[in-house]
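# Structural overview for review
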Amino acid sequence: MDINDLEIWIDGGRIVPRPVKPDGSAYTDRHLLHAMSMVKIESNNSGTRIEWIMFGSNWSSLMFLGDFVVTCAAPVTLRYFNAGWFEETLSTAQAARDRIEELLSKADVRFNERTYVESYDPVTHLMPEKLRRAFENASAPEDDAVICAVDTVHEQISVEHVGKESALAQVWGVSPVSFPCQTGHSYDRAVSRHYYEVVRTGKPLYDHVLAAMVRPDGEVTWLGYKRLIFAEPKVINGFGRVKVISEIGPVDIKLL
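These lines cover the structure that appears in this document, whether it is placed above or below. Computed from a prediction, not measured in an experiment: that's the story for all the values here.

With that out of the way, let us pick up the pairing of strand E8 (residues 145-151). Here E8 lies mainly inside the structure; seven of its seven residues are buried. The side-chain alternation of E8 yields two buried faces, one formed by Ala145, Ile147, Ala149 and Asp151 and the other by Val146, Cys148 and Val150. Examined bridge by bridge, E8 and strand E12 (residues 239-248) share six bridges and lie antiparallel to one another. Within the sheet, the bridge partner assigned to Val146 lies in E12 and is Val244. Bridging between E8 and strand E9 (residues 156-162) involves six bridges; their strand directions are antiparallel. Residue pairing across strands places Val146 opposite Val162, the latter belonging to E9. Counted between consecutive antiparallel strands, the loop separating E8 from E9 contains four residues, among which Glu155 sits at a positive phi close to 50 degrees.

What follows is about empty space enclosed by the protein. A water-sized probe rolled over the atoms picks out the places where empty space is left. For the coordinates displayed, the defined rule picks out one cavity of 30 Å³ or more. Quantified by volume, the largest cavity comes out at close to 320 Å³. Together, 26 residues line the largest cavity, and Leu168, Pro180, Tyr187, Tyr195 and Tyr225 are the ones closest to its centre. Of all the secondary-structure elements, those providing two or more residues to the lining of the largest cavity are E8, E9, helix H5 (167-172), helix H6 (186-201), strand E11 (220-236) and E12. Counting residues per element, the lining of the largest cavity draws most heavily on H6, which supplies five residues.

This part takes up the packing of aromatic side chains. Taken as a whole and assessed by the stated rule, the structure comprises 10 aromatic pairs. Seen from their ring centres, Phe81 and Trp85 are 5.3 Å apart, and the 75 degrees between their planes marks the pair as edge-to-face. With a relative accessible area of 14%, Phe81 lands in the buried category. Centre to centre, the rings of Phe111 and Trp222 are 5.5 Å apart; their planes meet at 70 degrees, and the pair counts as edge-to-face. Here Phe111, found in the loop between helix H3 (93-104) and strand E7 (115-120), pairs with Trp222, found in strand E11; they are 111 residues apart in sequence, far enough to count as distant. For the pair Phe111 and Trp222, a shared accessibility class is recorded, and that class is buried. What links up through ring pairs into an aromatic cluster is the set Trp52, Tyr80, Phe86, Phe111, Tyr116 and Trp222. Lying over the aromatic face of Trp85, Arg79 brings its terminal NZ or CZ to 4.0 Å of the ring centre.

Parameters at a glance
Residues numbered from 1 in each chain as written. Predicted model: local features only at pLDDT ≥ 70, side-chain atom pairs only at ≥ 80, totals over all residues. Heavy atoms only, no water. Buried < 20%, exposed > 50% of the residue type's maximum accessible area, 1.4 Å probe, protein only. Helix = DSSP H or I, 4+ residues; strand = E, 2+ residues; numbered from the N terminus. Pairing = 2+ DSSP bridges. 1 Å grid on protein atoms, 1.4 Å probe; cavity = no way out; pocket = protein on both sides within 12 Å on 5 of 7 lines; lining within 4 Å. Points joined across faces, edges and corners; volume = space filled by probe spheres on them. Phe/Tyr/Trp six-rings, centres within 6.5 Å; stacked < 30°, edge-to-face > 60°. Lys NZ or Arg CZ within 6 Å of the ring centre and 35° of its normal.

Structural data, given as C-alpha cells:
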C-alpha cells in the first residue's frame with residue numbers, strides 16, 4: 001500500500017481499528033462487510049472508494065459516513081451490495097454525501113428480478129459509437145460480436161461464437177460455457193426473449209440490460225450494457241442466427 005493510501009473501517013457509527021480474529025489473523029473484507037456489517041473506506045490523492053452492504057445493521061455507520069465523506073478526496077466511488085454489487089462514481093464529495101443519504105432511505109428495497117431489459121428506438125436514441133456504426137452498416141465484425149443459434153420452436157438459445165473483442169469477452173473471456181452463455185437460468189430467459197423477435201421479424205433491435213451476474217471471481221455484480229441485435233441470414237438445421245454487439249457502461253435503467 002502506498003504511503004498516501006488510507007484504509008478506514010467504520011462500525012457502530014465510529015471509526016475503529018480493523019478487527020482481527022482471536023488468534024490475531026485477519027478477517028477477509030467479505031466477512032467484515034457481510035457478517036459484521038462494517039463500512040470500508042479507501043482513500044488517497046486520486047480519490048475515494050467506499051463499500052457497504054445495504055441491508056446490513058449499519059445505519060449509524062452510514063449516518064456517520066454521510067458527514068465524514070465530505071472530508072474525503074474526490075471523485076468518490078460508492079460500491080454497495082443489494083442482491084449484487086452496484087458501483088457508481090460521483091465527481092464531488094458533496095454529491096457522494098447526497099447519494100449516500102438517498103441510498104440509506106432505500107436500504108429496505110428488494111428486487112423481484114435479477115435482470116432488467118428495456119428497448120429503445122435505434123433511430124432516435126443515442127447509441128455508443130460502435131453500436132451506431134454497426135446499425136448504419138447493418139453488420140459488425142465477428143470479433144466484436146456474440147453469435148447465437150435460435151430455436152424458435154423449443155425456445156432455446158445456443159451460443160456459437162464469442163468474439164475476442166466482444167463485451168462478453170472483456171469480462172468472461174471467449175469460453176462458450178461462461179455464466180452469460182449458459183442457458184435455463186433467469187438471466188438467459190430475460191435477455192434471450194428479444195432474439196426470437198429479431199429472428200421472426202428480421203429487424204434489428206436495440207436495448208439496455210442491467211443484470212446481477214456472477215463474475216469469474218465468484219462475486220455477483222450488477223452489470224449494465226447496451227446491446228444491438230441483428231438477424232443473421234444463415235439458417236442451419238432449421239435454426240436462425242442472431243449477431244449481438246454490446247458495450248458495457250451506464251444504462252437508462254435505475255433501480256435505486
